[in-house]
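# Geometric and topological summary
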Amino acid sequence: MANTMTRRSFLKGAALTGASASAATLAGCGGSDGGSTTDGGAKKKILRFGQTNAKLGLDMQKSTNSGSSSIADSVFEAPLRWTEDNELVTCLLTEIPTFEDDGVTLHCTLKDNILCHDGSTLTASDVKFTFERMFTPSTAAKSTYMYDLIKGAPEMLAGTATELEGLTVEDDTHFTFVLSEPMVTFVNNLGINYAQIFPQKACEEAGDQWGWGTNCVGTGKYKIVSNDDTTEVVMEKFADYHDGEPALDELDYIFYDDNNTKLMAYKNGDIDWCDLAADQIAQYQADTEVADQITLYDTLGVHFVNLNLKEGMGLEDVRVRQALSLAVNRQELIDTVLNGAGVAATGWLAPQTPGYDSSAELPYDPERAKELLAEAGVSGLKLEAKIRAGVYEKYMTVIQSYWSEIGVELSLQTEDNGVWASDWADGNLQITALAWFPLYADADNHLYTYFYSTNAAGKSSFYDNSEFDDLVSRARRSQDPDERKQLYMEADNLVTRTDFATVPLFWPKNSFVAKPYVKNAKVGNLIYHMFDLDIDTTDESYTTA
């Protein structure tokens, strides 16, 4: 018989029923190692991933959290998908669509007979339902800005329309988007989880509970068996998956409140894969049990000091901003605070992003910084940074010391996440630190989203340069990849090395630990995906007992 009990479930059951009863259960269902087996008698492939519980549900119209994404992406699917190599591939669609010559009309074709976890068939009508749900005000979707150039979206968001004019359904597998103006990156946005398609009937029946508990019916490789929204989510393979049977038999997401407990669980064999925080790298690189299981990987993100350019904030003079940049020894900061888990930033765009300029520099030159402050007639400059705890607090303490060397006094005030987020969005922060991770390797999600004048006002930046706006707007419309790359290169240079509107610090390298039997463990950007994972059941260290 097949044993559908997870090890975590087994331990819970053992606690309730006693050791003798649990031993009998294992004896009745065990494989050669006394653990779980498939109907065919093979050792089950069970992957257990440890992470923090975002407590935001799995409806990615309502959450932007990477922890929610990791789980939701195993259940739900978007029309397209970004791989761990940051390549856009098909998912629900038969091919990657391209705009007609008008730049606004996009025809899409669904694969035939895509089954959902409840046995229903996904159709183009579900696509229309999903996007209309996104723009319905009561949904309060978080990322409508990535799709609101669809004709009729602004009207729906304003509550003056109930149907999306720019999305028409031709038949069960064909539908067409029409945008109000060209936006070539719209196709890229169809590959992220904010565009995950929900089956209308299941979603409407779940109502406000959609995305919570087991109210998650998708088309993904894995379907939810149990979800208590608190300690773990258990999934099993979806045998009718449209692109072939998934490799894993079972997928368990187990939640931990803190990183130390999570790594102890990893060492204890309770989980097989989890991330490794930057401040834990040195500790576990020195741990002979774990050191060889650490993987350091590049991300698309950037950590930076956010400067508020609003009049009256004291940062209006570009010479002052350039001085603040010149005073930072980025490589030293990476070596001392991050244990080497980063690359010194020379601009905003990371090397994997089209538009990255390999010849660019952001030098460390405190003497020149002092000269610039003198030229600007600035002395005794006092600045205030409101930051969050953790890595931001650690590296801003170092920034504080760098700036003091050029005569700038920086006070640091730590805020909790909620207060900080509110202050940041309200434009109240003179100085702060944060990381910005695009959802895929395209500069639009970096530069337009953060620094386009109307967007920057909502991020305590207030950068406002018409030349920059023109560059990123043209890049949005161009269907020529080389032209887009050049435009973004110019825009990055303008914002970070000409206007010094921000102080990029480093492109972070994240890290994870994975047991030797976990195959294809890889992270393309920030979100842990299980799409390509497998288990080597012949590895002696793998056991389901």
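Numbering of residues starts from 1 in every chain and runs along the sequence as written. Side-chain atom pairs in this predicted model are given and counted only at pLDDT of 80 or more, local residue features only at pLDDT of at least 70, and totals for whole chains, interfaces and linings cover all residues. The basis for the side-chain values is all heavy atoms of the structure; hydrogens and waters are excluded.

Looking up the chain in an unreviewed UniProt entry gives the name Twin-arginine translocation signal domain-containing protein, with the organism given as Thermophilibacter immobilis. Quoted verbatim from the Sequence similarities (unreviewed entry) heading of the UniProt record, the comment on the chain is "Belongs to the bacterial solute-binding protein 5 family." The Subcellular location (unreviewed entry) field of the UniProt record for the chain holds the comment "Cell envelope". UniProt positions are given in the numbering used here, feature names are shortened, and annotations may be inferred rather than shown by experiment.

Our focus in this paragraph is the overall build of the chain. What counts as a helix is a DSSP run of H or I of at least four residues, what counts as a strand is a run of E of at least two, and both are numbered from the N terminus. Helix and strand content of the chain: 18 helices and 21 strands. Seen through its C-alpha atoms, the chain measures out along the principal axes to roughly 80 × 60 × 40 Å. The rule is simple: take the accessible area with a 1.4 Å probe, protein chains only, and divide by the maximum for that residue type; under 20% is buried, over 50% is exposed, in between is partly exposed. Burial analysis of the chain (545 residues in total) assigns 55% to the buried set. Contacts spanning at least 24 positions in sequence make up 68% of the contacts within the chain whose residues lie at least 6 apart. We get accessible surface area from the Shrake-Rupley algorithm with a probe of 1.4 Å; when it comes to residues, only the shown protein chains can shield them. Within the structure as shown, the chain displays about 22200 Å² of accessible surface, and the carbon and sulfur contribution to it stands at 47%. Charge assignment in this entry is limited to Lys and Arg as positive and Asp and Glu as negative, and neither His nor the chain termini are counted. Here the site of a charge means atom NZ of a Lys, CZ of an Arg, CG of an Asp or CD of a Glu. Of the charged side chains in the chain, 42 are positive and 83 negative, and the gap between their average positions amounts to 3 Å. Throughout, a residue-residue contact means that at least one pair of heavy atoms, one from each residue, lies within 4.5 Å.

Among all positions of helix 10 (residues 318-326), only Val320, Arg321, Ala323, Leu324, Ser325 and Leu326 are buried. Next to the buried residues of helix 10 lie strand 14 (302-307), helix 11 (330-337), helix 12 (366-375), strand 16 (382-387), helix 13 (391-404) and strand 19 (502-514). Nitrogen and oxygen atoms within 3.5 Å of one another constitute a polar contact, given that in protein one can donate a hydrogen and the other can accept it, and given that sequence-neighbouring residues count only through two side-chain atoms. Two or three places before Arg319, at the opening of helix 10, Asp317 has a side-chain oxygen 2.8 Å from that residue's backbone nitrogen.

Attention now goes to the environment of Tyr297. By secondary structure assignment, the location of Tyr297 is in strand 13 (residues 294-298). Of the residues examined, Tyr297 reaches a relative accessible area of 8% and is grouped as buried. Spatially, the C-alpha atom of Tyr297 lies 32 Å from that of Val217, the residues being 80 residues apart in sequence. Discounting chain neighbours no more than four positions away, the residues touching Tyr297 are Pro508, Lys509, Asn510, Ser511, Phe512, Val523, Asn525 and Tyr528.

Turning our eyes to something else, we now look at the UniProt feature "domain: Solute-binding protein family" (unreviewed entry) in the chain. Under the UniProt annotation, "domain: Solute-binding protein family" (unreviewed entry) lies at residues 89-456. Secondary structure within residues 89-456 divides into 28% helix and 20% strand; the distance between the first and last C-alpha atoms comes to 31 Å.

Right, let's get into the packing of helix 10 against helix 12. Viewed as axis vectors pointing N to C, helix 10 and helix 12 meet at an angle of 165°, and their least axial separation amounts to 8 Å. With respect to helix 12, the element helix 10 is oriented roughly antiparallel. As for the relative orientation of helix 10 and helix 12, their crossing is left-handed in sense. Residue-level contacts link Arg319, Val320, Gln322, Ala323 and Leu326 of helix 10 to Pro366, Arg368, Ala369, Leu372, Leu373 and Glu375 of helix 12. Broken down by class, the residue content of the contact of helix 10 with helix 12 amounts to seven nonpolar, one polar and three charged. The axes used here are C-alpha line fits, helices contributing only the stretch in contact, and every angle between their N-to-C directions lies in the interval 0 to 180 degrees. Any angle from 65 to 115 degrees is called roughly perpendicular, while one under 35 is roughly parallel, one over 145 is roughly antiparallel, and all others are oblique. For any helix crossing, the convention is left-handed if the near helix is rotated counterclockwise from the far helix by under a right angle, and right-handed if that rotation is clockwise. Basically, the charged four are Asp, Glu, Lys and Arg, the nonpolar ten are Ala, Val, Leu, Ile, Met, Phe, Trp, Tyr, Cys and Pro, and anything else, Gly included, counts as polar.

Before going further, it helps to spend a moment on the packing of aromatic side chains. Aromatic rings from Phe, Tyr and Trp, with only the six-membered ring used for Trp, were paired whenever their centres fell within 6.5 Å, and each pair was classed as stacked if the ring planes differed by under 30 degrees, edge-to-face if by over 60, and tilted otherwise. Scanning all chains against the criterion turns up 33 aromatic pairs. Ring plane angle 35° and centroid distance 6.4 Å describe the contact between Trp424 and Tyr450, whose orientation is recorded as tilted. Note that Trp424 is positioned in helix 14 (residues 417-426) and Tyr450 in helix 15 (residues 447-451), a separation of 26 residues in sequence. Residue Tyr450 is classed as buried on the basis of its relative accessible area of 0%.

To continue, consider the pattern of salt bridges. Within this document, salt bridges are pairs made up of a side-chain nitrogen of Lys or Arg and a carboxyl oxygen of Asp or Glu, the two lying within 4 Å of each other. Taken as a whole and assessed by the stated rule, the structure comprises 21 salt bridges. Notably, a salt bridge pairs Asp298 with Lys509, separated by 2.5 Å at the nearest N-O pair. Here Lys509 lies in strand 19 and Asp298 lies in strand 13, a separation of 211 residues in the sequence. Beyond isolated ion pairs, a larger network of salt bridges with shared partners links Lys237, Glu245 and Asp249.

With that settled, consider unusual backbone geometry. Non-glycine residue Asn339 carries a positive phi angle of around 55°. Residue class for Asn339 comes out partly exposed when judged on its relative accessible area of 34%. Residues other than glycine seldom take positive phi values, yet Asn520 does so here, at roughly 70°. Relative to the assigned elements, Asn520 resides in the loop between strand 20 (518-519) and strand 21 (534-535).

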